[in-house]
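# Survey of secondary and tertiary structure
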Amino acid sequence: MNSDLDRAISELERTSLELARSVSHRDPSFAGMIHARHEATLALRHCDLSAASPGHLARLRAVMLLGRQVERSIRKWRQTAVDEISTLGYQARMARAERNPTPAGAILDLKI
């Protein structure tokens, strides 16, 4: 049983670290690592944690902490991307209004 638990924890650690690396380097392929980490989490659910040693539990605690940090990084990265897209959309609308002064655009007659 401990070998199954060791394998499950090792896979969860590996996928969590790979996901953390992908996110920290802003690698867009991190979505695939989210799926791999989810699969590792599902495998861990099939293990009997009542037989886990203090070492196993310490590893699990560390990898879960890493997972929470990665989730926060992903949320922050996503929000930054949404903010940048919103800013670009606003700038594009302003540029169109400047190029095409129509009655609707005349209200937005601003110099940037």
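Up top you'll find the structure we're talking about.
Bear in mind that the values here come from a model prediction, so they are computed numbers and not experimental data.

Residue placement: Arg 37 occurs in helix α2 (residues 30–45). No salt bridge is formed by the buried Arg 37; its nearest oppositely charged neighbour, Glu 71, is found at 4.7 Å. Beyond its immediate sequence surroundings of up to four residues, Arg 37 is in contact with Leu 12, Thr 15, Ser 16, Leu 19, Val 63, Met 64 and Gly 67.

So, about the packing of α2 against helix α3 (residues 54–99). The geometry of α2 relative to α3 is characterised by a closest axis approach of 13 Å and an angle of 150° between their N-to-C directions. One way to sum up the angle between α2 and α3 is to call them roughly antiparallel. Here the hand of the crossing between α2 and α3 comes out left-handed. Contacts from Phe 30, Ile 34, Arg 37 and Leu 44 of α2 reach α3 at Leu 60, Val 63, Met 64, Gly 67, Ile 74 and Trp 77. Residues that form the contact of α2 with α3 fall into these classes: eight nonpolar, one polar and one charged.

The next thing to look at is α3. Relative to the 68 Å expected for 46 residues at 1.5 Å per residue, α3 spans 68 Å between its end C-alpha atoms, a close match to the ideal helical length. The set of residues buried in α3 consists of His 56, Leu 60, Val 63, Leu 66, Gly 67, Val 70, Ile 74, Trp 77, Met 94 and Ala 97.

Quick look at the nonpolar core now. In this structure, Leu 5, Ala 8, Ile 9, Leu 12, Ala 40, Leu 44, Cys 47, Ala 52, Leu 60 and Val 63 together form the largest nonpolar core, which totals 10 residues. A per-element tally of this core places helix α1 (residues 2–24) first, with four residues. Every residue in contact with Ile 9, bar those within four places of it in the chain, is listed here: Leu 44, His 56, Arg 59 and Leu 60. Judged by nonpolar contacts, the second largest core, of nine residues, contains Val 23, Phe 30, Met 33 and Trp 77.

On to the pattern of salt bridges. Evaluation of the coordinates by the stated rule reveals six salt bridges. Two residues, Asp 4 and Arg 7, come together in a salt bridge whose shortest N-O distance is 2.4 Å. With Asp 4 and Arg 7 both in helix α1, this residue pair falls three residues apart, about one helical turn. Taking the relative accessible area as the measure of exposure, Asp 4 reaches 37% and is therefore partly exposed. Linked by salt bridges that have partners in common, Asp 6, Glu 13 and Arg 59 make up one network.

Reading the values: rules and limits
- The residue numbers shown here count from 1 along each chain, following its written sequence.
- For a predicted model such as this one, the threshold for reporting local features is a pLDDT of at least 70, and the threshold for listing and counting side-chain atom pairs is 80 or more; totals across whole chains, interfaces and linings nevertheless cover every residue.
- To get the side-chain values, take all heavy atoms of the structure and skip hydrogens and water.
- For the purposes of this entry, the term helix denotes a DSSP run of H or I that reaches at least four residues, the term strand denotes a run of E that reaches at least two, and both are numbered from the N terminus.
- Under the scheme applied here, a residue whose accessible area is under 20% of the maximum for its type counts as buried, over 50% as exposed, and between as partly exposed, the area being computed with a 1.4 Å probe on protein chains only.
- Positive residues here are Lys and Arg, negative ones are Asp and Glu, while His and the chain termini are left out of the count.
- When a carboxyl oxygen of Asp or Glu lies within 4 Å of a side-chain nitrogen of Lys or Arg, that pair is called a salt bridge.
- Contacts: residue pairs with any heavy atoms within 4.5 Å of one another.
- Fitting a line to C-alpha atoms yields each axis, with helices limited to the stretch in contact; the angle taken between N-to-C directions then spans 0 to 180 degrees.
- Small angles under 35 degrees read as roughly parallel and large ones over 145 as roughly antiparallel, with 65 to 115 read as roughly perpendicular and the rest as oblique.
- Crossing handedness is defined as follows: a turn of the near helix away from the far one that is anticlockwise and smaller than a right angle gives a left-handed crossing, while the clockwise case is right-handed.
- Asp, Glu, Lys and Arg are counted as charged, while Ala, Val, Leu, Ile, Met, Phe, Trp, Tyr, Cys and Pro are counted as nonpolar; the rest, among them Gly, fall into the polar class.
- Expected span of a helix, by definition, is 1.5 Å for each gap between consecutive residues, and there is one gap fewer than residues.
- Working definition of a nonpolar core: buried Ala, Val, Leu, Ile, Met, Phe, Trp, Tyr and Cys residues. They are joined through side-chain atoms within 4.5 Å.

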